[in-house]
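Structural overview for review
Residue strings, one per chain:
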Amino acid sequence: MRVRAEQATFCTGQTLKGEVVTDALVARPVATIMMMVFFSGLALDIAVPAAVLSVMASLKWLVENWPATNDLSFDQKAETA
C-alpha cells in the first residue's frame, strides 16, 4: 500500500522526500534570469556613468585644445610682416 502511494506521488511530480520536481525545474531558470538581470543592472550602473564622463572629458579636452580663429599660424605671420 505504501509503495503504491509513493508511486502515485512520484508520478504527479513529487520525489519520495516530498519535494516537487517541477518547482526545481522552474526555479533554477527563473533564479538564473533574475541574477542575470540584477548583475547586468549593476554593470550598467557602472558603465553608463563611466561612458558619459569619458565623453564629457573628451569634449572638454577638445574645446580647450581647439585652435581659435585668431590663433592660426598664417594669421600670426601676416600680423608680424
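In this text, all values refer to a predicted model and were calculated from it rather than measured experimentally.

**Describing the overall build of the protein chain**
Helices and strands together make up the secondary structure of the protein chain, namely three helices and zero strands. Reading the protein chain from its N terminus to its C terminus gives the helix and strand order α-α-α. A buried classification covers 1% of the 81 residues belonging to the protein chain. Element-wise, carbon and sulfur atoms account for 70% of the exposed surface of the protein chain, whose accessible area totals about 7,600 Å².

**Brief notes about the packing of aromatic side chains**
All told, the structure shown has one aromatic pair when counted by the stated rule. Residues Phe-38 and Phe-39 carry aromatic rings whose centres are separated by 5.1 Å and whose planes lie at 75° to one another, so their mutual orientation is edge-to-face.

**Observations concerning the UniProt feature "transmembrane region" (unreviewed entry) in the protein chain**
Feature annotation in UniProt assigns "transmembrane region" (unreviewed entry) to the following positions: residues 33-56. As annotated, residues 33-56 comprises 100% helix and 0% strand, and the C-alpha atoms at either end are separated by 34 Å.

**Here's the deal with the pattern of salt bridges**
Scanning all chains against the criterion turns up one salt bridge. Residue Glu-64 pairs with Lys-60 through a salt bridge whose shortest N-O separation is 3.2 Å. Of this pair, Glu-64 and Lys-60 both sit in helix α2 (residues 21-65), four residues apart, which is roughly one turn of the helix. For the pair formed by Glu-64 and Lys-60, the shared burial category is exposed.

Calculation notes
- Residues numbered from 1 in each chain as written.
- Predicted model: local features only at pLDDT ≥ 70, side-chain atom pairs only at ≥ 80, totals over all residues.
- Heavy atoms only, no water.
- Helix = DSSP H or I, 4+ residues; strand = E, 2+ residues; numbered from the N terminus.
- Buried < 20%, exposed > 50% of the residue type's maximum accessible area, 1.4 Å probe, protein only.
- Areas by Shrake-Rupley, 256 points an atom, 1.4 Å probe, with all protein chains shown as cover.
- Phe/Tyr/Trp six-rings, centres within 6.5 Å; stacked < 30°, edge-to-face > 60°.
- UniProt positions renumbered as here; feature names shortened; annotations may be inferred.
- Salt bridge = Lys/Arg side-chain N within 4 Å of Asp/Glu carboxyl O.

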